[in-house]
Each structure stands twice: as structure tokens, then as C-alpha cells.
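Notes for the structure review
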Amino acid sequence: MSLLEMFSFPFIQRALAAGVLVSLCAALLGVPLVLKRYSMIGDGLSHVSFGALAVAVALGVTPLYFSIPVVILAAFLLLRVADNPRWNSDAAIAAASASALALGVLVISRTSGMTTDVDNYMFGSVLAMSKADVGLSVALCVSVLALFILYYHKLFAVTFDENFSRATGLHADWYNGLLAILTALTIVLGMRMMGAMLISSLVIFPALTAMRLFRSFRGVVLCAGVTSVLCFCAGLTVSFACSTPVGATVVAANLALFLLSCLTAALRRKPR
């Protein structure tokens, strides 16, 4: 079977539509998160999302509808902790991450057990996404992209000099809250695609790769978006051709491109 024929399958089309949008959202949001040293928040939120998912499964409610408000609240709390000099933010995020993951496992063990659906959320199963999952993912991802573009300059200002932004009258707390909401939405949507264990890679790797190649904020944002989409498409294609897990293959593609960008940056610095 040729690689072009793979796109005739409906489940591949659904995976491609949702995966490209989620990857793009994660990469764009990853740039300000990495620059503000909030990159570990993505990992913490993914584990909080898994804990919320476990509770939703136990209660018999729709996982996404239950997880989204819980993860948004967690994002606000984690960003508040990260901004508080009296807290060790890395330790707080790690504690919240481990606690949510443990809670999820305990709830599952006492209710339905480790079902296939929960396993998909833990490790990702983009090929198992239904039309309803894709429709919700597309709608929310378009909203995330629209808000990011609309408030691009404000997020830029808050990212690079939050104190100066406050001095000029910019409501930095509001835009930090917006960043938290957008990140929480992206993490919850990406759970179905990449799983709790791997979703943070979509936030971190494209930003790190772009920072090795470009210096301007706009250049890094654009490069991160393109890099993330290309790596997802490459990972999906290789996964289908080689029968490997989609999430892990996408992460491997991101890792390979990051190492290549490190080599390129090193060659640029090498004296002639």
C-alpha cells in the first residue's frame, strides 16, 4: 500500500485533522511557556487531566467536559504558585503532578479497572478518535489559535518583561490567565492524541528546536508551529507504515529534529 493511499482511511483523516491542530496549538503556546520557564506546567497539567479523566470515568460523565474545567483551575493554581517567590515552583508542580496521577490510578483501581479507554488516555490513541472527538478538538483548537493571534502582542509583552508591562498599564495577570486557559484546553485535547505521558513533548520540543534556529520571537513562533505540524505528519506516516505507536513516533520525530537543530546551531557558531 502506498503512503498516499493511507489518507483514504477515515480514521487517518480524523487523526490528521485533530493532530495537526493540536500540535500547532501546543507549539505556539510552548514558546511563551518555555521562555517564562513554565514548561513543566504542561507535564503537570497532563497528569491532572488524567486524574480528572479517571474521576469522570468513575462517575460515568463525558471525560472532556469534566476534565476541561478541572485542568483550567489547576493551570491557574500552578501559574500562581510559579509566580510566588515563597514557593519552590518546580517542587509544587512535581507534587501536583504525582498526586493527580496517583489519584487517577487509585480511582480506576477501585472502579472499572485499567480499561482500554483509560489506557488510551494514558498513552494516546489518536487513531481511535471518533467524529465527535475530532469535531470538539477542531472547534476548541480554532478558538485557541484565534485567541493567540488576537492577543499575540500582549502575550509577547508579558512573556519578555512582565514588570514593564505592568508599569505601562497592561493587565499582566489577565493575560497570564489567558495563557493558562489556552494551555489547559490544549493539554486536555492532546490527551486523546498523545496521552498523559507524552503530551508535554508537543509543548516543549518545537519551541526548543525553533530557539536553536531563530532569535526573534516571531521567527521562533512561526518555526515552532511549522516544526510541530511537520513532525506530527511525519510521525503519523511512519507509525502507519511501520506499525508503531503514533504518540511515541511523533515524539521521536520531534527529538530527531531537535538534535538536528542543535547540530545546525553548533555549525553556525564554529569559526571559519
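Calculation criteria
- Residues numbered from 1 in each chain as written.
- Predicted model: local features only at pLDDT ≥ 70, side-chain atom pairs only at ≥ 80, totals over all residues.
- Heavy atoms only, no water.
- Helix = DSSP H or I, 4+ residues; strand = E, 2+ residues; numbered from the N terminus.
- Buried < 20%, exposed > 50% of the residue type's maximum accessible area, 1.4 Å probe, protein only.
- Areas by Shrake-Rupley, 256 points an atom, 1.4 Å probe, with all protein chains shown as cover.
- Contact = heavy atoms within 4.5 Å.
- Patch = residues over 30% accessible without salt bridge, like charges linked within 9 Å, V, L, I, M, F, W, Y side chains within 5 Å.
- Salt bridge = Lys/Arg side-chain N within 4 Å of Asp/Glu carboxyl O.
- Axes fitted to C-alpha atoms, helices over the stretch in contact; angles between N-to-C directions.
- Parallel < 35°, antiparallel > 145°, perpendicular 65-115°, else oblique.
- Left-handed = near helix turned anticlockwise from the far one by under 90°.
- Phe/Tyr/Trp six-rings, centres within 6.5 Å; stacked < 30°, edge-to-face > 60°.
- Expected span 1.5 Å × (residues − 1).
- Arc of directions from axis to C-beta.

1. Points about the overall build of the chain
In terms of regular secondary structure, the chain is built from twelve helices and zero strands. What you see in the chain, going N to C, is helices and strands ordered as α-α-α-α-α-α-α-α-α-α-α-α. Considering the chain as a whole, with its 272 residues, one finds that 49% of them fall into the buried category. Working note: accessible area of the chain is about 13100 Å², and carbon and sulfur atoms make up 67% of it.

2. Looking at the environment of Ser67
Among the secondary structure elements, Ser67 is positioned in helix H3 (residues 63–83). Discounting residues that sit within four places of it in the chain, Ser67 has contacts with Ser49, Ala52, Leu53 and Val188.

3. Re unusual backbone geometry
A positive phi is found at Ser243, a non-glycine position, where the angle reads about 60°. In this structure, Ser243 sits in the loop between helix H11 (217–242) and helix H12 (246–269).

4. Some words on a nonpolar patch on the surface
Together, Leu35, Phe156 and Phe160 give the surface a local cluster of nonpolar side chains, amounting to about 270 Å² of exposed area. By secondary structure assignment, the location of Phe160 is in helix H7 (residues 152–160). By relative accessible area, which is 49% here, Phe160 ends up partly exposed.

5. Structural notes on the packing of helix H10 (residues 199–213) against H12
One way to put it is that H10 packs onto H12 with a least axis distance of 8 Å and a crossing angle of 20°. Judged by the angle between their axes, H10 and H12 are roughly parallel. In this structure, the crossing between H10 and H12 has a hand that is left-handed. Residues Ser201, Leu202, Phe205, Pro206, Leu208, Thr209, Arg212 and Leu213 of H10 lie in contact with H12, whose contacting residues are Val250, Val251, Asn254, Leu255, Leu257, Phe258, Ser261, Cys262, Thr264, Ala265 and Arg268.

6. A few points about the environment of Leu179
Within the element layout of this structure, Leu179 appears in helix H9 (residues 172–194). Beyond its immediate stretch of four places on either side in the chain, Leu179 contacts Leu29, Pro32, Leu33, Lys36 and Leu155.

7. Description of the packing of aromatic side chains
Counting across every chain of the model gives nine aromatic pairs. Where Phe148 meets Tyr152, the ring centres are 6.3 Å apart and the plane angle is 70°; that geometry is what we call edge-to-face. Neither residue differs from the other here; Phe148 and Tyr152 are each classed as buried. Between Trp174 and Tyr175, the aromatic rings sit 5.0 Å apart at their centres with planes inclined by 75°, giving edge-to-face as the arrangement. You can call Tyr175 buried: its relative accessible area is 11%.

8. So, the pattern of salt bridges
The full count for this structure, using the stated rule, is one salt bridge. Among the ionic pairs, Asp173 bridges to Arg166, the shortest N-O distance being 2.8 Å.

9. With respect to H11
Between the first and last C-alpha of H11 there are 37 Å, a value that for 26 residues agrees with the 38 Å anticipated at 1.5 Å per step. Just downstream of H11, Ser243 is the residue with a positive phi angle, here 60°.

10. Some points on helix H6 (residues 131–150)
For H6, with 20 residues, the first-to-last C-alpha span of 28 Å sits near the 28 Å given by 1.5 Å per residue. Those residues of H6 that fall on the buried side of the exposure criterion are Asp133, Val134, Ser137, Leu140, Cys141, Val144, Leu145 and Phe148. Down the axis of H6, the smallest arc covering the buried residues is 145°, so these residues share one side. Away from the buried face of H6 by more than 90 degrees, exposed residues Lys131, Ala132 and Leu150 are located.

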